[in-house]
Amino acid sequence: MKLIIAAIKPFKLEEVREALTALGVRGMMVTEIKGFGSQSGHTEIYRGAEYAVNFVPKVKLEIVVPAAMADQVVETISKTAKTDKIGDGKIFVLDVQQAVRVRTGELNEDAI
């Protein structure tokens, strides 16, 4: 099993969710986050004063899938979240040693 963590632009969330659901992904965790990468924030003007915005709002997706599905999920997120502009996000893939469904006690791929 693989844990896929993706930080994407918030307005792309629904489009990515729909694409992953069509692919067969049955669930995900979503968290509103702030961060910065290459773009290192930006400046904005508010009431005539310029100020720095050091952290940019993003949405973090956490998805656990069977290992055989991981490449397809990463490709789908990449394609769907892409705007060709700086700050499109990042995707990380990690190994998952065990998963347990609390209600039934099912383990690993049965639990996801």
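Worth saying up front: this structure is predicted, and the values here are computed from it rather than measured.

Caption draft 1: The pairing of strand β1 (residues 2-8), seen in detail. In terms of burial, β1 is a largely internal element, 6 of the 7 residues being buried. Of the strand pairs in this sheet, β1 and strand β5 (residues 56-65) are connected by 7 bridges, and their pairing is antiparallel. Each bridged residue has a counterpart across the sheet, and for Ala 6 the counterpart in β5 is Leu 61. Relative to strand β6 (residues 89-95), β1 runs antiparallel, the two being bridged by 7 bridges. Bridge pairing links Leu 3 to Leu 94 in β6.

Caption draft 2: Structural detail: the nonpolar core. Among the nonpolar cores identified, the biggest contains 16 residues, and Ile 8, Val 65, Val 73 and Ile 77 are the most heavily contacted of them. Sort the elements by how many residues they give to this core and helix α2 (residues 70-81) lands first, with 5 residues. Aside from chain neighbours lying at most four places away, what touches Ile 77 is Ile 4, Ala 6, Ile 8, Val 16, Leu 20, Ile 63 and Ile 91.

Caption draft 3: Region of interest: the pattern of salt bridges. On inspection of all chains with the given rule, the structure shows 6 salt bridges. Lys 9 is the salt-bridge partner of Asp 88, the closest N and O atoms lying 3.7 Å from each other. With Asp 88 in the loop between α2 and β6 and Lys 9 in the loop between β1 and α1 (13-23), the pair connects residues that are 79 residues apart, well separated along the chain. Across the pair, exposure class does not vary: Asp 88 and Lys 9 are buried alike. Across the pair Glu 14 and Arg 17 runs a salt bridge whose closest N-O atoms are separated by 2.5 Å. In this pair, Glu 14 and Arg 17 are both assigned in helix α1, 3 residues apart and thus about one turn of the helix distant. Here Arg 17 falls in the partly exposed class, since its relative accessible area comes to 33%.

Caption draft 4: The packing of α1 against α2, seen in detail. Put simply, α1 and α2 touch, their axes get as near as 9 Å, and they point 150 degrees apart. As the angle between them shows, α1 and α2 are arranged roughly antiparallel. In this structure, α1 meets α2 at a crossing whose hand is right-handed. Taking contact as the criterion, the partners of Glu 15, Val 16, Ala 19, Leu 20 and Leu 23 in α1 are, on α2, Gln 72, Val 73, Thr 76, Ile 77, Thr 80 and Ala 81. Along the lines of polarity and charge, the residues of the contact of α1 with α2 split into 7 nonpolar, 3 polar and 1 charged.

Caption draft 5: Representation of the side chain of Thr 76. Note on placement: Thr 76 falls in helix α2. Looking at Thr 76, the relative accessible area reads 13%, which means it is buried. In terms of polar contacts, Thr 76 uses its side chain to reach the backbone carbonyl oxygen of Gln 72, at 2.8 Å. Beyond its immediate sequence surroundings of up to four residues, Thr 76 is in contact with Ala 19, Leu 20 and Leu 23.

Reading the values: the criteria
Residues numbered from 1 in each chain as written. Predicted model: local features only at pLDDT ≥ 70, side-chain atom pairs only at ≥ 80, totals over all residues. Heavy atoms only, no water. Buried < 20%, exposed > 50% of the residue type's maximum accessible area, 1.4 Å probe, protein only. Helix = DSSP H or I, 4+ residues; strand = E, 2+ residues; numbered from the N terminus. Pairing = 2+ DSSP bridges. Core = buried A, V, L, I, M, F, W, Y, C linked by side-chain atoms within 4.5 Å. Contact = heavy atoms within 4.5 Å. Salt bridge = Lys/Arg side-chain N within 4 Å of Asp/Glu carboxyl O. Axes fitted to C-alpha atoms, helices over the stretch in contact; angles between N-to-C directions. Parallel < 35°, antiparallel > 145°, perpendicular 65-115°, else oblique. Left-handed = near helix turned anticlockwise from the far one by under 90°. Nonpolar A, V, L, I, M, F, W, Y, C, P; charged D, E, K, R; others polar. Polar contact = N/O pair within 3.5 Å; in protein donor to acceptor, adjacent residues only side chain to side chain.

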